[in-house]
Amino acid sequence: GKEMQSLIDEVKLYRTVGRLVLDYFSVATGGADIMIDPDLNYWDVAALVPVIEGSGARLVSSKGGNPLKDLSAVATNEYLLPEVLRKLAN
């Protein structure tokens, strides 16, 4: 939707297709700044939580809540997270 497009318009590089594990690994290791999945299965999210949070990055739902309840994911650092969530909410 327009919310995602607003964020896409401001980033340097944007990809739509990738491998779930490698894309989140990129965030965890600093190779990517943001990874967003609007719709995930519980087992996908549950596997991501320890990896992302263990790296020092943040993992929340696309609404900013618990990704294990909302079953969506936004992984990024603590500095970008408020702006990413703001863009997704507009």
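Residues numbered from 1 in each chain as written. Predicted model: local features only at pLDDT ≥ 70, side-chain atom pairs only at ≥ 80, totals over all residues. Heavy atoms only, no water.

Draft legend 1. Summary view of the pattern of salt bridges. A full pass over the atoms with the stated rule returns 2 salt bridges. Across the salt bridge formed by R86 and E83, the nearest N and O atoms sit 2.5 Å from each other. Of this pair, R86 and E83 both sit in helix 5 (residues 81-89), 3 residues apart, which is roughly one turn of the helix. For R86, a relative accessible area of 42% corresponds to the partly exposed category. Here K87 makes a salt bridge to E83, at a shortest N to O gap of 4.0 Å. Pair noted here: K87 and E83 are both in helix 5, with a separation of 4 residues, about one helical turn. (Salt bridge = Lys/Arg side-chain N within 4 Å of Asp/Glu carboxyl O. Helix = DSSP H or I, 4+ residues; strand = E, 2+ residues; numbered from the N terminus. Buried < 20%, exposed > 50% of the residue type's maximum accessible area, 1.4 Å probe, protein only.)

Draft legend 2. How the structure looks around the environment of L59. Along the chain, the position of L59 falls in strand 2 (residues 58-60). Residue classification places L59 among the buried positions, given a relative accessible area of 4%. Separated by 15 residues in the primary sequence, L59 and V74 have C-alpha atoms spaced 5.6 Å apart. Excluding anything up to four places from it in sequence, L59 contacts Y24, L48, V49, I52, E53, P67, A73, V74 and A75. (Contact = heavy atoms within 4.5 Å.)

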